[in-house]
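The residues making up each chain are set out below.
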Amino acid sequence: MTRSLLSNAVMIGTMGLFGLGALTSCGTKATNAATPSSSLATDTGPLPTIEAQLTDAPLVPAPITRKKPAKVIVRLEVTEVVKKLADGVDYTFWTFGGSVPGKFIRVRQNDEVEFHLMNHPDSKNPHNIDLHAVTGPGGGASATFTAPGQETVFNFKVLNPGLYVYHCATAPVGMHIANGMYGLIMVEPEEGMEPVDKEFYIMQGDFYTKGGFGAPGLQPFDMEKALDEKPSYVVFNGSVGALTGDNAITAKVGEKVRLFVGNGGPNLVSSFHVIGEIFDKVYPEGGSNTNTNVQTTLVPAGGSAITEFKVDVPGNYVLVDHSIFRTFNKGALGMLKVEGPDNLAIYSGQTTQKIYLPEGSTVQEMPKSVSPLASVATNKDMRVDLGRTLYAQNCQACHQAEGQGIKGAFPPLAKSDFLNADVNRSIGVVAHGLEGQIKVNGEVYNSTMPKLKLTDEEIANVMTYVLNNWGNKGGEVSLDQVKKAKLSYKH
Ligand SMILES: [Cu+2]
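Scope of this entry: the structure provided in the associated data block. (Residues numbered from 1 in each chain as written. Predicted model: local features only at pLDDT ≥ 70, side-chain atom pairs only at ≥ 80, totals over all residues. Heavy atoms only, no water.)

Comments concerning the sheet that holds strand β16 (residues 270-275)
If you walk across this open sheet you meet the five strands as β14-β22-β21-β16-β19, and the pairing is mixed. Of all the strands in the sheet, the pair left with one neighbour each is β14 (249-252) and β19 (296-299). This sheet shows a mean twist of 25° between the axes of neighbouring strands, independent of strand direction. (Pairing = 2+ DSSP bridges. Helix = DSSP H or I, 4+ residues; strand = E, 2+ residues; numbered from the N terminus. Axes fitted to C-alpha atoms, helices over the stretch in contact; angles between N-to-C directions.)

In structure tokens:
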């Protein structure tokens, strides 16, 4: 069974174009008065007409069970909307269907598509669509040039199976794509696709904002950064966190998962990887050939890949662009949560942690450390302990292992006069990020510390760890102190 909230596409008889309003769903407006547009000629007589069911990422429409081609009506509405790019960061996205990436379209080889592009009256710009699945000049771009408040229609026959990108191709093209105007269309081969248990839609994109990563507020597009190909954000499905926490995709042990992966660019090529999994099968570049046993697959800008794998072991699997700074510093991080029984024969987890004494005679067993996820600190020592791991995971890359920082780039936390003078201010820095000029131990820093995704409890732990190391003044930061410091923080 495929995870899909939608049932199969609604079948409508050839004559049923009128009055199909009741049968359509998910906001596709059926214009009952639409005159059936000029159809492409077929040898086999009229085809049954189907209204395409489109989905928002990470969902995909149900697999196609038809054994014959059909005439498929696709209605896609362009809107320009302000949405979240990251926590506290908004962006004006230009969208195919209201979100980034655009709606997923699923058709079958040899279908005839009647494509309607509507541009919402509130849009400020004209838009069009170039579908890579189209055989014909511009992929439909000139046929669909659509001013705000207008609708255009064109027809095409899908000749080649595969997973294709579509995007806006209105000048300046780079800017339209950079604002989120891309999506995927799957053309299933005539024989259909092998059944799997779960299917998901994941699309990477790079974003160019005036402010750096995490700079709050409504961020305008930065043309210079786009020309330099230096994005502030690289994300899956249109925003930082679109595939983490409650938004993570899920599967059960033993299930076969298929990811339809696209890359809208506009600039970067993705090295798509799932940490802790091996792709049993990849359709590289969304084509018809398959590779087996792949660790990382390249997804070109304006291209795609289909990856498939069975999940054998429960846990969290992290989806990344293995150009890894993009993952940990620019947002390209998603999560697949797998539930089910452990399989210790395949993966044991850590079985032992010992003190290692190469020259010594006695090897001591350490008490098994408490899992950082399962525990809440009840005293200072626990906070220091839990904070150590948090520091290694969240701070060390910049502030360094001994809190010494990197001169000119990352201020020291060791013996930091800035930190020790006002702990509450520094709690605010960790909670909200920091941009602009500060002075630490006599050196000026004018850089950006990103807003980190830490809970209040985690901030209390990491700050307690920092305060009790490297010559800092000590003390315990309580949960209550974090909550208060966050509220009073200004910069
Ligand atoms: Cu556009």
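Let's talk about the coordination of the copper ion
The coordination sphere of the copper ion contains the protein donors H127 (ND1), C168 (SG), H176 (ND1) and M181 (SD), at a distance range of 2.0 to 2.5 Å. Angles of 88 to 139° at the metal separate the four donor atoms of the copper ion, which places the site in the irregular class. In primary-sequence terms, the residues that donate to the copper ion follow H-x40-C-x7-H-x4-M. A residue pair is termed long-range when its members are at least 10 positions apart, and H127 in the loop between β6 (112-119) and β7 (130-131) and M181 in the loop between α1 (173-178) and β10 (182-188) qualify at 54 residues. (Donors = N, O, S within 2.8 Å, 3.2 Å for Na, K, Ca; no water. Tetrahedral: all angles 85-135°; square planar, octahedral: opposite > 155°, others 65-115°.)

Description of the side chain of D206
With respect to the element layout, D206 can be found in strand β11 (residues 198-207). Of note is the side chain of D206, whose polar atom sits 2.9 Å from the backbone nitrogen of N267. Setting aside residues up to four positions removed in sequence, D206 forms contacts with A178, P231, Y233, V234, G265, P266, N267 and L268. (Polar contact = N/O pair within 3.5 Å; in protein donor to acceptor, adjacent residues only side chain to side chain. Contact = heavy atoms within 4.5 Å.)

Here we look at the sheet that holds strand β15 (residues 256-265)
Reading across from one edge, β13-β11-β15-β20-β17-β18 is the order of the six strands in this open sheet, with mixed pairing throughout. Unpaired on one side and paired on the other, β13 (233-236) and β18 (291-294) mark the two borders of the sheet. Direction aside, neighbouring strands of the sheet carry axes that sit 25° apart on average. Sheet analysis places β15 next to strand β20 (residues 303-310), joined by eight bridges and oriented antiparallel. Note that in β20 the partner of V261 across the bridge is A305.

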